[in-house]
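Residue-level structure breakdown
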Amino acid sequence: MQIDNYVVHIVDDEEPVRKSLAFLLTMAGFTVRVHDSASSFLASAKTVGKACLITDLRMPDMSGVELLEKLKETGTSIPAVVITGHGDVPMAVAAMKAGAVDFIEKPFEDETLVEAIKRAASQLEESPAAMVDTATLGVRLDSLSERERQVLSAVVAGLPNKTIGFDLGISPRTVEVHRANIMSKMQARNLPELVRMSIAMGLSS
């Protein structure tokens, strides 16, 4: 979808962050609106038309996860990208269960955010069926060794390599090797995609 066919709504309680993101995306050609809280966006969400949402996960009045859950409750479908602090994978998983399309970890490259928005916007015109079907995911999952499955569960739970290694009695370097094998066998391009697959397969709790 052309980037001038929809509006990107930024929800963040920190003004410098809102201004920085708005400047970046405006320069990239997007039409942008900013909101200083989840509540303020929620109040106008029904009338935004074709739109994508960028929201921080941790905000004082209402978290990004709570915002997505409330949008879901009201039947408002807006493709969302959540921004999370480094290592905050468990909360990002909760956001994706609540309907987020993608998540990106701070700090991130400008292009990472732009590409995430474009992926989210593609849902405005694509059928959800475009997601790899569970049968295909099941075949990929079956190709994992028992150890790789253990590492996958730990990665999706947000555990760092050192913790995973300690829990499984292997070195962090071995964990990295297993992670690389998992990404290859599951054909996941990045961690958010791996998380989406895990949610689809009911692997995340």
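The model shown is predicted, which means the values in this text are computed figures rather than measured ones.

Parameters and conventions
- Residues numbered from 1 in each chain as written.
- Predicted model: local features only at pLDDT ≥ 70, side-chain atom pairs only at ≥ 80, totals over all residues.
- Heavy atoms only, no water.
- Helix = DSSP H or I, 4+ residues; strand = E, 2+ residues; numbered from the N terminus.
- Expected span 1.5 Å × (residues − 1).
- Buried < 20%, exposed > 50% of the residue type's maximum accessible area, 1.4 Å probe, protein only.
- Arc of directions from axis to C-beta.
- Contact = heavy atoms within 4.5 Å.
- Polar contact = N/O pair within 3.5 Å; in protein donor to acceptor, adjacent residues only side chain to side chain.
- Pairing = 2+ DSSP bridges.
- Right-handed = clockwise from strand over helix to strand, strands pointing away.

**Concerning helix H1 (residues 15-27)**
The first and last C-alpha atoms of H1 sit 18 Å apart over 13 residues, in line with the 18 Å expected at 1.5 Å per residue. Of all the residues in H1, the buried ones are Arg18, Leu21, Ala22, Leu24 and Leu25. Projected down its long axis, H1 carries its buried residues within an arc of 165°, all on one side. Structural note: H1 exposes Pro16, Lys19, Phe23 and Met27 on the side pointing more than 90 degrees away from its buried face.

**As for helix H10 (residues 191-200)**
The buried count for H10 comes to seven of 10 residues, which makes it a mostly enclosed element. Those residues of H10 that sit buried are Leu191, Pro192, Glu193, Leu194, Val195, Met197 and Ser198. Looking at the buried positions of H10, the neighbouring elements they touch are helix H4 (89-97), strand S5 (102-105), helix H6 (134-142), helix H7 (146-156) and helix H9 (172-186). Here H10 starts with a cap whose side-chain oxygen sits 2.9 Å from the backbone nitrogen of glutamate 193, and that cap is asparagine 190.

**Observations concerning the pairing of strand S4 (residues 80-84)**
Burial runs high along S4: five of the five residues are buried. Neither face of S4 is exposed, since Ala80, Val82 and Thr84 on one face and Val81 and Ile83 on the opposite face are all buried. Pairing of strand S3 (residues 51-56) with S4 involves four bridges; the strand directions are parallel. Across the sheet, the residue bridging to threonine 55 is valine 82, located in S4. You can see the chain leave S3, run along helix H3 (residues 64-73) and come back into S4, and the turn it takes is right-handed. Relative to S5, S4 is paired through four bridges, and the arrangement is parallel. In the strand pairing of S5, valine 81 is matched with aspartate 102.

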